Structure formats: structure tokens, C-alpha cells
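The chain contents come next:
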Amino acid sequence: MEVRDQETHDILLEFISSLGVAQSLHNINPLRETLHEMRSLKTRSEIDLMRKTCQIGAQSLKKTIQSSKNLNTELDYLATIDYHSRLAGANYLAYPPVVAAGNNANTIHYISACDTARSCDMMLMDAGCEYHGYSSDITRTWPVSGEFSECQKILYDIVLECQENLIKSITPWETSITSLYKQMLKQLARSLQVAGIIKDIDEESAVRLVHLYCPHNVGHHLGMDVHDCATVNKHIPLVPGNIITVEPGLYLRHNHDRVPPEFRGLGLRIEDDILITDSGCEVLTSECPKSRNELQNLINGS
């Protein structure tokens, strides 16, 4: 095999030959975990870049939501956010976005984007952009028609309240992704019981049901990669300089016969990018609206 960099090759050979019996290559620890730990703590310059990519992503998603009444297919929505992201300075989309109308939202990583968006559907869009090597990751769910149905309102308010409470609860040096996940499951379980969507059962059983209706974690680290720093332990408390997502969701498939029929086929998620600070946290993607009234007014031009 031809050596591409002779100087580096020679240095590595010299290093290997210098190792004694007790220090073979088998005793060298990979740098991946150390690098991930370093990457999870953002410098000031990295935070500035993350603020910018999150601003572009949030604004682009906002403009896409605003265009809903002029868009007919999932592919129309995908093309619209891609256009606005690049126009605002993004290099490209950070990952293949989820653009899921109606029941398609119940496929967590649905990326086909080949279906028609009906006026009765909610649109779930999980998209982000990359700006100078740093990624944003945002999800919003909204009614294609500009008006939530009664069942859609109930589910949306449950998920939004959960997400807002999770963000408010973040305490640096104490909160971990794991603790947020446990909190998410318990709050969703309580809210679904209050709404009468799941039966009044004990907390442990209710949480097991919620795990079925929300089969993903509450968030992940974010930075140079979308699911960044994969080896960083999610049990470790978050510290200033970490950036994570917070993304509760509910996915009630047609075959979930334990929920009332009128809720089956509805799926939604709300996701923001969060910078952990000394005093709490900063929502980097706040420029994209998420309250029901804001979304409806945006779509209807109010």
C-alpha cells in the first residue's frame, strides 16, 4: 500500500518500535472518550457558532411554518426549509430532516417526505442546519390548516407543558439527561391520565405505557455532530458549556388500542437546543414559536 504521508508514517513506526513489552499497542486507550468529553464543553467561540446555527435553523423553520398554506406535500416543506436555511447562510441541512404529515409522524425517523399534507393533519418537522461545522436540531409540530382540532390541542398542550417544565427545571451541576428523561416519563404519564387518554393506574404502569408512546430519550448533546459526544455518560450532571436538546414527544399509532380512538394516529414532538449556563440555561432556538396561539397566528397571517 502506498504511504500518503511518509513523515507521519515514519513517526508512528518509530513510536511503535519504541514500546516495550509491557506497553504494547493493546494497552493504548483510544482517544474517543476523552475527545467527546472535551467536545461536550463548548468554548466561547463555539457557543457563538452554536447561537448562529440555531438562529438560522429557528428562523428557517419559522418561515416554513408561515408558508404552510402554500405547500401541498412533505417534499414542498422539505424544499422550503432547505431553501431558507441556505439563503440565511447555512452550508446545508445538518441531517436528513423528518417531514411527517399526519400518521407519518409516528415513524420516529421518517425521512421519505413523499406524502401529501392534508388540511386535517399536523405536520411534524425535525430539521436543523450546519453553519461552519456546527449543527442545530429543532422540531416543531403544527396544524397544516392553521387550526388545531380539539384532540390535537389536548396532546399538544401536554407535550408543550412537559417541555417547558423540563427546561425550567435544569440546574447546572445537578440535572442530567437521565434525570430529565425520568422526569419526562412521569410528567407525561400524569398528564395523559388527567386527560383521560390512559387509565388511572399506578405510576409504574403508567410510565411503562408512556415509554411505549414515547420510545426515545429526552435529549442528546449537540455540536459538531447532531447526536454529539455519544460516549459521554448521560447520568453525569450537566455543566455550563454543555449544549443539549430537550425533545419530549407522543406518538399514538393506529394500533395503540389502549388510547381512545379519536387520539390514534396523532404524533408530535417539540424540540429546542439548550445551552447550560452558570445560572440555568439559555434556549438557543427561541426564535421559532411554539405556543399554540403563536403557531396559529403565524400560519393564518395574524
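In the block above lies the structure referred to throughout.
Residues numbered from 1 in each chain as written. Predicted model: local features only at pLDDT ≥ 70, side-chain atom pairs only at ≥ 80, totals over all residues. Heavy atoms only, no water.

> Pulling in residues and values, what's your account of the pairing of strand β3 (residues 122–127)?
By the criterion of burial, β3 is predominantly enclosed, with 6 of the 6 residues buried. Burial along β3 is two-sided: M122, L124 and D126 and M123, M125 and A127, pointing in opposite directions, are all buried. (Buried < 20%, exposed > 50% of the residue type's maximum accessible area, 1.4 Å probe, protein only. Helix = DSSP H or I, 4+ residues; strand = E, 2+ residues; numbered from the N terminus.)

> Any chance you could break down the pattern of salt bridges for me, citing the residues and the numbers?
Under the criterion given, the structure shown has 12 salt bridges. Measuring nitrogen to oxygen at the nearest pair gives 3.7 Å for the salt bridge that ties D48 to R51. With a gap of 3 residues between them, D48 and R51 both fall in helix α3 (residues 44–66), about one helical turn apart. When its relative accessible area of 47% is taken as the criterion, D48 is described as partly exposed. Linking K290 and D272 is a salt bridge whose minimum nitrogen-to-oxygen distance equals 2.8 Å. One end of the pair, K290, is in the loop between β11 (281–283) and α8 (292–300); the other, D272, is in strand β10 (residues 272–276), with 18 residues separating them in the sequence. In this structure, K290 and D272 share a single accessibility class: buried. Sharing partners across several salt bridges, the network here consists of D48, R51 and E282. (Salt bridge = Lys/Arg side-chain N within 4 Å of Asp/Glu carboxyl O.)

> Give a detailed account of a nonpolar patch on the surface, specifying residues and quantitative values.
Together, L12, F15 and I16 line one region of the surface with nonpolar side chains, adding up to about 270 Å² of accessible area. Here F15 is to be found in helix α1 (residues 6–18). (Patch = residues over 30% accessible without salt bridge, like charges linked within 9 Å, V, L, I, M, F, W, Y side chains within 5 Å. Areas by Shrake-Rupley, 256 points an atom, 1.4 Å probe, with all protein chains shown as cover.)

> Could you give an account of the sheet that holds β10, with specific residues and numbers?
Ordered by their spatial adjacency, 3 strands build an open sheet running β7-β10-β11, and the pairing between neighbours is antiparallel. Looking along the sheet, the strands with just one partner apiece sit at the ends: β7 (243–246) and β11. Averaged over all pairs of adjacent strands, the angle between strand axes in this sheet comes to 35°, irrespective of strand direction. When β10 meets β11, the two strands line up antiparallel, connected through 3 bridges. Across the sheet, residue I274 finds its bridge partner in β11, namely V283. (Pairing = 2+ DSSP bridges. Axes fitted to C-alpha atoms, helices over the stretch in contact; angles between N-to-C directions.)

> An account of the packing of aromatic side chains is needed here, citing residue identities and associated values.
Overall, the coordinates contain 2 aromatic pairs when judged by the stated rule. Measuring from centroid to centroid gives 6.1 Å for Y77 and W142, while their planes differ by 50°, and the two rings are tilted. On the criterion of sequence distance, the pair formed by Y77 in helix α4 (residues 74–87) and W142 in strand β6 (residues 138–143) is long-range, its members being 65 residues apart. There is no split in this pair, since Y77 and W142 are both buried. Seen in terms of ring centroids, F148 and Y156 are 5.0 Å apart; in terms of plane orientation they differ by 50°. Their pairing is tilted. Overall, the relative accessible area of 5% leaves F148 in the buried class. (Phe/Tyr/Trp six-rings, centres within 6.5 Å; stacked < 30°, edge-to-face > 60°.)

> Tell me about the layout of surface pockets, residues and numbers included.
By volume, the largest pocket amounts to about 330 Å³. H109, D126, H220, H227 and E247 are, among the 17 residues lining the largest pocket, the residues nearest its centre. Of the residues contributing to the lining of the largest pocket, the split by class is 6 nonpolar, 6 polar and 5 charged. Each pocket or cavity is described by its volume, and for the second largest pocket that value is around 220 Å³. Lining the second largest pocket are 14 residues, with E37, S40, V232, N233 and I236 sitting closest to its centre. (1 Å grid on protein atoms, 1.4 Å probe; cavity = no way out; pocket = protein on both sides within 12 Å on 5 of 7 lines; lining within 4 Å. Points joined across faces, edges and corners; volume = space filled by probe spheres on them. Nonpolar A, V, L, I, M, F, W, Y, C, P; charged D, E, K, R; others polar.)

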